[in-house]
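Read off the chains here:
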Amino acid sequence: MLLPLRSLPAQAIGQGVELERAGQYDRAASLYFATLRADPTNLAALLGLERVLPPLNRLEELLPVARRAAAAGPQRAALRGVLLRTYVALSETDSARSVALAWAADAPRDEAPYREWAIALEDYHHHDAAREVLLIGRRAVGRPAAFAIELAELDQRTGDWESAAREWAAAITESPAQLPNAASDLSEAPEVQRERVTRVLTSGDPPAVTRRLAGELLLGWGQPQRAWDVFAPSVATPSADAAYALRRFADLAAASNTPAARRVRALALARFAEMVPEPLAVRARADAARAFLEAGDRAAARDVLERVARDSAAPADAQALAQSAVIEALIDGGQLDEAGRRLDAEGRLTAERRAALRLRLAEAWVRRGDLDRAAQALARDSSVDALAQRGWIALYRGRVQEAQQLFKAAGPYAGDRRDATERSAMLALLQEIRTATFPELGAALLTLARGDSVPAVAALRLAAAELETGRSGGGRPDILLLAGRVAARLGPDERRVALALFAEVVSTGGSGAAAPAAELEWARLLERDQRTAEAIQHLEHLILSYPGSAVVPEARRELERAKGAIPKS
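On a predicted model such as this, the values are computed, not experimentally measured, just so you know.

**Re the overall build of the chain**
So, point 1. Across its full length, the chain carries 32 helices and 0 strands.
So, point 2. Over its C-alpha atoms the chain spans a radius of gyration of 38 Å, topping by over 25% the 25 Å that the globule rule assigns to 569 residues.
So, point 3. Dimensions along the principal axes, computed over C-alpha positions, put the chain at roughly 110 × 65 × 55 Å.
So, point 4. Within the span of the chain, comprising 569 residues, buried residues form 47% of the whole.
So, point 5. A fraction of 49% describes how many contacts in the chain between residues 6 or more apart in sequence connect residues 24 or more apart.
So, point 6. For the chain, the distance from the average position of its 74 positive side-chain charges to the average position of its 76 negative side-chain charges is 2 Å.

**Observations regarding the packing of aromatic side chains**
So, point 1. What the rule picks out here adds up to 6 aromatic pairs.
So, point 2. Seen from their ring centres, Phe231 and Phe249 are 4.4 Å apart, and the 25° between their planes marks the pair as stacked. Here Phe231, found in helix α14 (residues 224-231), pairs with Phe249, found in helix α15 (residues 240-254); they are 18 residues apart in sequence, far enough to count as distant.
So, point 3. Of the residues examined, Phe231 reaches a relative accessible area of 0% and is grouped as buried.
So, point 4. Both rings, one in Trp392 and one in Phe407, keep their centres 5.1 Å apart while their planes meet at 65°; by these two values the pair is edge-to-face. Of this pair, Trp392 sits in helix α23 (residues 384-396) while Phe407 is found in helix α24 (residues 400-410), placing the two residues 15 residues apart along the sequence.

**Description of helix α31 (residues 532-545)**
So, point 1. In this model, α31 (14 residues) spans 20 Å end to end at C-alpha, consistent with the 20 Å of a helix rising 1.5 Å per residue.
So, point 2. Of all the positions in α31, only Ala535, Ile536, His538, Leu539, Leu542 and Ile543 are classed as buried. Taken around the axis of α31, the buried residues stretch over an arc of 165°, which confines them to a single face. α31 presents Ala533, Gln537 and Leu544 as exposed residues on the side facing more than 90 degrees away from its buried surface.
So, point 3. At its buried positions, α31 is contacted by α30 (514-528) and α32 (552-562).

**Looking at the nonpolar core**
So, point 1. Formed by 139 residues in total, the largest nonpolar core has its most connected members in Leu213, Met426, Leu430, Leu441 and Ile479.
So, point 2. Tallying contributions element by element places α30 first for this core, with 9 residues.
So, point 3. When sequence neighbours within four positions are dropped, the list of residues in contact with Leu213 reads Ile172, Leu179, Ala182, Ala183, Leu186 and Leu201.
So, point 4. Membership of the second largest hydrophobic core comes to 43 residues, among which are Phe33, Leu36, Val141 and Phe147.

**What to know about the side chain of Asp297**
So, point 1. Inspection of the secondary structure assignment puts Asp297 in the loop between α17 (278-295) and α18 (298-310).
So, point 2. Taking relative accessible area as the criterion, Asp297 reaches 18% and is therefore assigned buried.
So, point 3. Engagement of the side chain of Asp297 in a polar contact is seen with the backbone nitrogen of Ala300, the distance being 3.1 Å.
So, point 4. Here Asp297 is in contact with Arg263 and Phe292, once residues within four sequence places are set aside.

**Thoughts on the packing of helix α10 (residues 161-174) against helix α11 (residues 179-186)**
So, point 1. Packing of α10 against α11 leaves a shortest axis separation of 10 Å and a crossing angle of 170°. On the basis of their axis angle, the class for α10 and α11 is roughly antiparallel. In contact with Trp161, Ala164, Ala165, Trp168 and Ile172 of α10, α11 contributes Leu179, Asn181, Ala182, Asp185 and Leu186.

**Details of the pattern of salt bridges**
So, point 1. Within this structure, the stated rule accounts for 42 salt bridges.
So, point 2. With a shortest N-O distance of 2.8 Å, Arg51 and Glu20 are connected by a salt bridge. Residue Arg51 is found in helix α3 (residues 43-52), and its partner Glu20 is found in helix α1 (residues 2-21); the two are separated by 31 residues along the sequence.
So, point 3. As a salt-bridge pair, Arg531 and Glu534 come within 3.0 Å of each other at their nearest N and O atoms.
So, point 4. A relative accessible area of 33% places Arg531 in the partly exposed class.
So, point 5. Within this structure, Arg485, Glu521, Arg524, Glu554, Glu558 and Arg561 form a network of salt bridges that share partners.

**Here we look at helix α12 (residues 191-202)**
So, point 1. With 12 residues, α12 extends 17 Å from end C-alpha to end C-alpha; this agrees with the ideal 16 Å at 1.5 Å per step.
So, point 2. When α12 is considered as a whole, its buried residues turn out to be Gln193, Val197, Thr198 and Leu201. The buried residues of α12 all sit within an arc of 145° when viewed along its axis, so they share a single face.
So, point 3. Tucked inside the fold, the buried residues of α12 contact α10, α13 (208-220) and α14.
So, point 4. Once α12 ends, the next one or two residues include Gly204, with phi positive near 70°.

**Re the environment of Ile433**
So, point 1. With respect to the element layout, Ile433 can be found in the loop between α25 (417-430) and α26 (439-449).
So, point 2. Between the alpha carbons of Ile433 and Gly475 there is a distance of 5.1 Å; along the sequence they are 42 residues apart.
So, point 3. Leaving out residues up to four positions away in the same chain, Ile433 has contacts with Val400, Phe438, Leu441, Leu467, Gly474, Gly475 and Ile479.

**Some words on unusual backbone geometry**
So, point 1. For Asn57, which is not glycine, the phi dihedral falls at a positive 55°.
So, point 2. With phi around 60°, Ser91 is a residue other than glycine that occupies positive phi space.
So, point 3. With respect to the helices and strands, Ser91 occurs in the loop between α5 (77-89) and α6 (93-106).

**Quick look at the environment of Ala351**
So, point 1. Along the chain, Ala351 turns up in helix α21 (residues 351-368).
So, point 2. As a C-alpha pair, Ala351 and Pro233 span 118 residues in sequence and 44 Å in three-dimensional space.

**Looking at the packing of α10 against α12**
So, point 1. In contact at an axis separation of 9 Å, α10 and α12 are set at 30° when each is read in the N-to-C sense. Viewed along their axes, α10 and α12 form a crossing whose handedness is right-handed. From α10, Trp161, Glu162, Ala165, Arg166 and Ala169 reach across to α12, where they touch Gln193, Arg196, Val197, Val200 and Leu201.
So, point 2. Split by residue class, the contact of α10 with α12 holds 6 nonpolar, 1 polar and 3 charged.

What counts and what doesn't
Residues numbered from 1 in each chain as written. Predicted model: local features only at pLDDT ≥ 70, side-chain atom pairs only at ≥ 80, totals over all residues. Heavy atoms only, no water. Helix = DSSP H or I, 4+ residues; strand = E, 2+ residues; numbered from the N terminus. Rg over C-alpha atoms; globule rule 2.2 N^0.38 Å. Buried < 20%, exposed > 50% of the residue type's maximum accessible area, 1.4 Å probe, protein only. Contact = heavy atoms within 4.5 Å. Lys, Arg positive; Asp, Glu negative; His and termini not counted. Charge placed at Lys NZ, Arg CZ, Asp CG, Glu CD. Phe/Tyr/Trp six-rings, centres within 6.5 Å; stacked < 30°, edge-to-face > 60°. Expected span 1.5 Å × (residues − 1). Arc of directions from axis to C-beta. Core = buried A, V, L, I, M, F, W, Y, C linked by side-chain atoms within 4.5 Å. Polar contact = N/O pair within 3.5 Å; in protein donor to acceptor, adjacent residues only side chain to side chain. Axes fitted to C-alpha atoms, helices over the stretch in contact; angles between N-to-C directions. Parallel < 35°, antiparallel > 145°, perpendicular 65-115°, else oblique. Salt bridge = Lys/Arg side-chain N within 4 Å of Asp/Glu carboxyl O. Left-handed = near helix turned anticlockwise from the far one by under 90°. Nonpolar A, V, L, I, M, F, W, Y, C, P; charged D, E, K, R; others polar.

Written as structure tokens, this is what we have:
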């Protein structure tokens, strides 16, 4: 018999909640009042009334039952909380104060009365009164950091970011786990307030956790080097706490894609590696080296990698990875002789990795213009990638026939798709040139490979002129087309040169593949310069004049786009 009787209040509360959801606040209130008549201290019913009476404009009806509940259960803080909130909501300030102070007197050193009082005041936008209550509570409980988070949030709402920073500093000193919350809240400080917040957090000799907060904020505000300078002293002494802070700082730095942010990420990872067991340390150093490389600090990257490479305790695969990365760093840094020596001496590299590094070294020698050293780097490599690179070296030397043979031997699968496409296009051009050697073309293409685009355009035009005046066979339109494509990627003056080159190819290219390809490039360049009507004319001319050309499908898509049938992306 007792079990069903005990379940009746719970059923009534459940029914009341369902009525609330249905918007039937009157009926829900009746159920809650009925429950309280049977059980004056039923907290669920009181909270229900606290929800449904305000929209009915009947909040004053809660006061008698809240008083009765608090009197019947004075040791239950939640009941006192309902009464306190009701007095605040009804603007009965003195009564609210009496309840809060009586509650505090019954529970010395308890923060709950002051916190509940302040939150109630804040809910009704009495920010100054809420602040006063929290400061009274701080003095009463005798703890300097008491209510720091609540005070910080109040200060933020009123625009006092300096005071908010001081309160957050107090809060995280007492409870370091609050650091992410502090960083999240203070990061919203307006730009004009950020320097003041930083000054609050960094003046004097702040605790380590406060330095970390300042560092994280500066990092998020786009000052990575200053962030590291502030943060670094907080992790000078190895500890699990410092290691965690470094890992977090590195992860935060990774969110910013700037060289300065990458560099401080690398610095954090390198220091993190000093504090963790070897398997984690090796990976962290490798990540640090990669970040240094991305930041352009090759010397720092090499120092980190050298350490891994020399570490006899590091796994063999990690040592090999580090050695490979050291050689890559040497190549990227232009220390090609040293890279070659390391490559010859290092025995821990796999054959595949060694071949890839030799190819990269050869390409670096080509960019420097030293074709003999490039060929020497590939001397012991018989892979298809090496064959393809030898083909380019032969071409740069002007050996047209030899380059064709090597490109064909390499086949379509050497390198990636872009490499294969470039090689196929060059092979098609070379097949138009019926001569075994062509030093002028080789020199022009080498200039282009070295990144000197403007001189390369001039050299390609001279090579085309040489074909026209002094050599038999075709290829001239194809070379001019290549020169035009290079010029089209440059500045306004060079783009005008490109238009002239495309026009020349179209007018003199005959029935070969170069003329329609040049007209397509011509139209694209006109459209880029917002000369859409002229571009449309060229595209229509191309489609009608060269119906069998391989570029006609591209021209049709370009024409539809130019006419607005395809939205520009």
